[in-house]
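Remarks on the overall topology
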Amino acid sequence: MLQRFDERNRDLIVNVNGTLVHRDEAGVSPFDSVVQGGDAVWEGLRLYNGRIFKLREHLARLRSSALALAFAEIPSDEEIIEEIRRTLAANRMRDGVHVRLTLTRGVKFTSGMDPRLNESGPTLIVLAEHKAPVYDRSGLKLITSALRRFGPDTLDPKIHHANLLQSILAKIDANAAGADDALMLDGRGFIAETNATNLFFVSGGVAMTSRTVACPEGITRATVLELCAEHDIPSRVTDLSLTEAYRANEAFCTGTMGELASVTEIDGRVIGDGSPGPLTKRLGDLYRDLTAREGVVVSPSA
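Only a predicted model underlies this, so the values are computations on that prediction, with no experimental measurement involved.

**Let's talk about the sheet that holds strand S4 (residues 51–52)**
What links the strands of a sheet is backbone hydrogen bonding, and the strands pair in either a parallel or an antiparallel sense. Read from one edge to the other, the open sheet built from seven strands follows the order S2-S1-S6-S5-S3-S4-S16, with strand pairing classed as antiparallel. The open sheet has two edge strands, strand S2 (19–22) and strand S16 (296–297), and neither has a second partner. Pairing analysis gives two bridges linking strand S3 (residues 40–48) to S4, with the strands arranged antiparallel. Each bridged residue has a counterpart across the sheet, and for Leu47 the counterpart in S4 is Ile52. Here helix H2 (residues 55–68) sits on the sheet and contacts S3, S4, strand S5 (97–104) and S16; the angle it forms with S3, its principal contact strand, is near 175 degrees. Of the strands in this sheet, strand S1 (13–16), S2, S3, S4, S5, strand S6 (123–130) and S16 touch helix H3 (residues 77–91), which is tilted by about 40 degrees from S6.

This is the structure we're talking about:
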C-alpha cells in the first residue's frame with residue numbers, strides 16, 4: 001500500500017498557529033518542541049460532506065494526551081475548530097478530506113528537553129489534504145514485526161503522541177517483506193495493533209479486538225464496538241494471540257485515515273477464504289452510513 005501524490009494538493013494552504021500559508025512556504029521553528037524531541041500530540045480527522053466525524057471525541061483525546069504530557073496551555077475546542085474551519089475554507093474543501101491536527105508544546109527559548117524552556121505557548125498546526133481512505137478494500141497483507149509495542153510502563157499508548165519512530169521502524173519491516181503494514185505485539189506476546197491501525201478478528205460471528213494495553217484508544221475502534229452493540233453483533237475486547245489471528249474467519253483494521261479495511265493475509269496465512277468477509281462488509285456499510293449522517297459542521301454550506 002503506497003499512497004500516491006494527489007495533484008489537488010499541490011497548492012494547499014496550511015495553518016501554523018493561525019497563519020494561513022502555501023504548503024511550500026510554511027515553517028516551524030527549529031526551536032519548536034516537535035522538532036527538538038517529537039514533543040507533540042496529534043489527531044487525524046476526516047471530512048464528510050462538510051462535517052467532521054467524531055470531532056468532539058478526537059479533540060477530547062487530543063486534550064487528554066496534552067494533559068498527560070503536562071502541556072502548560074491547551075487551546076479550547078472552539079479555538080481549534082475555528083482554525084479548522086479557516087483552513088478548510090481557504091482550500092475550498094467539503095468532502096474526501098483528511099485533516100491532521102498537531103499540537104506541540106511550543107517554541108523553546110533555547111535548545112533542550114526541559115519543558116520549562118517553553119514560555120511562548122503551544123503551536124497548533126492544521127494540515128488538510130484531499131485524501132480518500134488509503135487502504136485497498138480487496139484485502140491487506142500483514143507481517144508480524146519483531147518490534148514490540150510499548151506498554152503503559154514505558155510509554156503509555158493512551159498518549160496520542162507525535163513520536164512515531166516505533167511505528168516507522170515497523171513499517172520499514174512491512175515494506176521490506178512486501179506487506180501492506182506490520183502487525184505489532186505487546187510485551188507479553190499478545191496482539192496490540194498494526195503500525196497504523198487497530199485490529200479486529202472475527203471468529204464464530206464474534207468481532208474481537210485487543211485491550212488498550214499497548215494500543216491507542218482508537219476512535220474508529222470505539223465506533224465499531226458501538227455499532228456492534230447497537231446492531232446486536234457479538235463483540236469482545238480481550239487479549240488475542242497470533243494463533244487466534246491465523247485461525248480467524250475474518251480480520252479487518254480500523255482507523256480514521258483508512259476507515260474499515262479487510263485483512264486477508266497475515267504472515268503468509270490466508271485469513272478465511274482470502275476475501276473480505278460478510279461481517280467486515282456489514283460493519284463497513286454501517287460505518288459509512290454513520291459518517292454520512294453524523295458529524296460537526298465545519299463548512300457553512302453543509
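**Some words on unusual backbone geometry**
At Asn17, a residue that is not glycine, the phi angle is positive and equals roughly 50 degrees. Structurally, Asn17 can be placed in the loop between S1 and S2. Classification of Asn17 as partly exposed rests on a relative accessible area of 46%. Although it is not a glycine, Asn49 adopts a positive phi angle of roughly 50 degrees. Mapped onto the fold, Asn49 is located in the loop between S3 and S4.

**A closer look at the environment of Ile233**
Relative to the elements of secondary structure, Ile233 occurs in the loop between helix H5 (219–230) and strand S12 (235–237). Put simply, Ile233 and Gly205 are 28 residues apart on the chain and 7.8 Å apart in space, counted from C-alpha to C-alpha. With residues near it in sequence (within four places) discarded, Ile233 still touches Cys228, Leu279, Arg282, Leu283 and Leu286.

**Examining the side chain of Arg105**
By secondary structure assignment, the location of Arg105 is in the loop between S5 and S6. A polar contact of 2.5 Å, which involves the side chain of Arg105, links it to the side chain of Asp39. For Arg105, the contacting residues outside a window of four places in its chain are Ser33, Asp39, Leu69, Ala70, Phe71, Pro115, Asn118, Gly121 and Pro122.

**A short note on a nonpolar patch on the surface**
A contiguous nonpolar patch, built from Leu165, Ile168, Leu169 and Ile172 and spanning about 380 Å² of accessible area, is present on the exposed surface. Tracing the backbone shows Ile168 in helix H4 (residues 165–176). Given a relative accessible area of 45%, Ile168 falls into the partly exposed group.

**A word on the pattern of salt bridges**
Counted under the stated rule, the structure contains 19 salt bridges. Measuring nitrogen to oxygen at the nearest pair gives 3.9 Å for the salt bridge that ties Glu57 to Lys54. For Glu57, a relative accessible area of 37% puts it in the partly exposed group. A salt bridge links Arg86 to Glu83, with the shortest nitrogen-to-oxygen separation between them at 2.7 Å. Pair noted here: Arg86 and Glu83 are both in helix H3, with a separation of three residues, about one helical turn. Put simply, Arg56, Arg63, Asp77 and Glu78 are held in one network by salt bridges that share partners.

**Description of the packing of H2 against H3**
Packed helices, taken two at a time, are described by the angle between their axes plus the distance between the axes. Where H2 contacts H3, the two axes come as close as 11 Å, and the packing angle between them is 120 degrees. In terms of axis orientation, H2 runs oblique to H3. Our pair here, H2 against H3, has a crossing hand that is right-handed. Mapping the contact onto sequence places Leu55, Arg56, Leu59, Leu62 and Arg63 in H2 and Asp77, Glu78, Ile80, Ile81 and Ile84 in H3. Looking at the contact of H2 with H3 residue by residue, the classes come out as six nonpolar, no polar and four charged.

About the cut-offs
Along each chain, numbering runs from 1 in the same order as the chain's sequence is written. Whole-chain, interface and lining totals are the exception, using all residues; otherwise, since this is a predicted model, local features are given only for residues with pLDDT of at least 70 and side-chain atom pairs are given and counted only at 80 or more. Only hydrogens and water are removed before side-chain values are computed, so all heavy atoms of the structure are retained for them. Any two strands with at least two DSSP bridges between them are considered paired. The way it works is that DSSP assigns letters per residue, a run of H or I at least four long becomes a helix, a run of E at least two long becomes a strand, and they are numbered from the N terminus. Should any heavy atoms of two residues lie within 4.5 Å, those residues are considered in contact. For every element, the axis is a line fit to its C-alpha atoms; helices are fit only across the contacting stretch, and the angle between N-to-C directions ranges from 0 to 180 degrees. Think of it in three bands: residues with accessible area under 20% of the maximum for their type are buried, residues over 50% are exposed, and the middle band is partly exposed, with areas taken using a 1.4 Å probe on protein chains only. Pairs of N or O atoms are called polar contacts if they sit within 3.5 Å, as long as, within protein, a hydrogen donor faces a hydrogen acceptor (for residues adjacent in sequence, only side-chain-to-side-chain pairs). Residues qualify for a patch when their relative accessible area is over 30% and they have no salt bridge, like charges being joined within 9 Å and the nonpolar side chains of Val, Leu, Ile, Met, Phe, Trp and Tyr within 5 Å. We get accessible surface area from the Shrake-Rupley algorithm with a probe of 1.4 Å; when it comes to residues, only the shown protein chains can shield them. Basic side-chain nitrogens of Lys or Arg form a salt bridge, by our definition, when they fall within 4 Å of a carboxyl oxygen of Asp or Glu. Angles below 35 degrees are treated as roughly parallel, those above 145 as roughly antiparallel, those between 65 and 115 as roughly perpendicular, and all remaining angles as oblique. In this scheme, a crossing is called left-handed if the near helix is turned counterclockwise away from the far one by less than a right angle; it is called right-handed if the turn is clockwise. Residues were grouped as follows: Ala, Val, Leu, Ile, Met, Phe, Trp, Tyr, Cys and Pro as nonpolar; Asp, Glu, Lys and Arg as charged; and all remaining residues, including Gly, as polar.

Honestly, it's all geometry; don't read function into it.
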